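# Chains, contacts and geometry: an overview
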Amino acid sequence: MGELTFSPLKDELEELVAFFIENTWEFHRDPYPSKYKIMQSFQKGWFQDERATFWMNKDGEKIGLIILDDITDSIPLFDIRLATKWRGKGYGTIAVNWIKDYIFNLPDKKIRIEAYTRYDNIPMRKTLAKSGFVKEGYLRDAWENNDGSLMDAIIYAATRSDWEQGIITPIKLNEEPF
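Note that the coordinates shown come from a computational prediction; the quantities given were computed from them, not determined experimentally. (Residues numbered from 1 in each chain as written. Predicted model: local features only at pLDDT ≥ 70, side-chain atom pairs only at ≥ 80, totals over all residues. Heavy atoms only, no water.)

The subject of this paragraph is the pattern of salt bridges. Two side chains carrying opposite charge are able to pair once their charged atoms lie near each other. In the structure shown here, the tally under the stated rule is 11 salt bridges. A salt bridge links arginine 112 to glutamate 114, with the nearest nitrogen and oxygen atoms 3.2 Å apart. Relative accessible area serves as the criterion here: at 15%, arginine 112 is assigned to the buried category. The network of salt bridges with shared partners includes Glu12, Glu15 and Lys62. (Salt bridge = Lys/Arg side-chain N within 4 Å of Asp/Glu carboxyl O. Buried < 20%, exposed > 50% of the residue type's maximum accessible area, 1.4 Å probe, protein only.)

Within the secondary structure, alanine 158 is located in strand 7 (residues 150-159). Separated by 58 residues in sequence, alanine 158 and lysine 100 place their C-alpha atoms 7.8 Å apart. Residues within four places of alanine 158 in sequence aside, it is in contact with Lys100, Phe104, Arg112, Ile113, Gly132 and Phe133. (Helix = DSSP H or I, 4+ residues; strand = E, 2+ residues; numbered from the N terminus. Contact = heavy atoms within 4.5 Å.)

In this approach, a probe sized like a water molecule rolls over the atoms, and the result shows the empty space that is left. By volume, the largest pocket amounts to about 1,300 Å³. As for the largest pocket, its lining consists of 45 residues, of which Phe27, His28, Asp79, Ile80 and Arg81 are closest to the centre. For the lining of the largest pocket, the secondary structure elements donating two or more residues are helix 2 (35-43), strand 3 (61-69), strand 4 (77-82), helix 3 (91-104), strand 5 (112-118), helix 4 (122-130) and strand 6 (134-144). Here the lining of the largest pocket is composed, by residue class, of 22 nonpolar, 11 polar and 12 charged. (1 Å grid on protein atoms, 1.4 Å probe; cavity = no way out; pocket = protein on both sides within 12 Å on 5 of 7 lines; lining within 4 Å. Points joined across faces, edges and corners; volume = space filled by probe spheres on them. Nonpolar A, V, L, I, M, F, W, Y, C, P; charged D, E, K, R; others polar.)

Another point: the packing of aromatic side chains. One pass over the structure, following the stated rule, counts 14 aromatic pairs. The interplanar angle of 45° and the centroid separation of 6.4 Å between the aromatic rings of phenylalanine 42 and phenylalanine 47 together place this pair among those described as tilted. Take phenylalanine 47: its relative accessible area is 5%, and that puts it in the buried class. Plain terms: the ring middles of phenylalanine 78 and phenylalanine 133 are 5.9 Å apart, the flat faces sit at 70° to each other, and that makes the pair edge-to-face. Highlighted residues: phenylalanine 78 in strand 4 and phenylalanine 133 in the loop between helix 4 and strand 6, separated in sequence by 55 residues. Each member of the pair, phenylalanine 78 together with phenylalanine 133, is buried. Taken together, the aromatic side chains of Phe19, Phe20, Trp25, Phe42, Trp46, Phe47 and Trp55 make up a single cluster linked through ring pairs. Between arginine 51 and the ring centre of tryptophan 46, over which it is positioned, the NZ or CZ distance is 4.1 Å. For lysine 62, the ring lying beneath its charged end belongs to tryptophan 55, and the centroid distance is 5.4 Å. (Phe/Tyr/Trp six-rings, centres within 6.5 Å; stacked < 30°, edge-to-face > 60°. Lys NZ or Arg CZ within 6 Å of the ring centre and 35° of its normal.)

In short, shape yes, function no, at least from these values alone.
Next up, the structure:
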């Protein structure tokens, strides 16, 4: 499979734009972001403000992007973007495990990491489960797409205590009928 490395996004606007427009993002809010929108977001600091953004690299090629959101909070979230030709090869699982290690090794002791995905994003749901994230909830009409359509979403999370102990604690969602 080959080893992945992770490097911070720097002043690589041209590469960022190419990465976004050369791939499709069917399970994201905007499956086809425009060059203008990406440039505008970059210039406004979207990839930096309260975020940490990293390239996923394989053999010198940028194959994915990780955006750690709310990175200054005790409960950050993340977005992962894998280039189309690299999907389905196990790199998402490697990246999600890297995210857990990176976040839980930060000096400010994060409590948990949350991940939201559309209910129909089966590849991401499988990746999260393989990476030790627990499915914690189903959110109706919680994912708004750019075209105004609404979809259901699912929330997954990994906790610091599970990560430290190398376990997965089951949730108690259905212990009570209400």
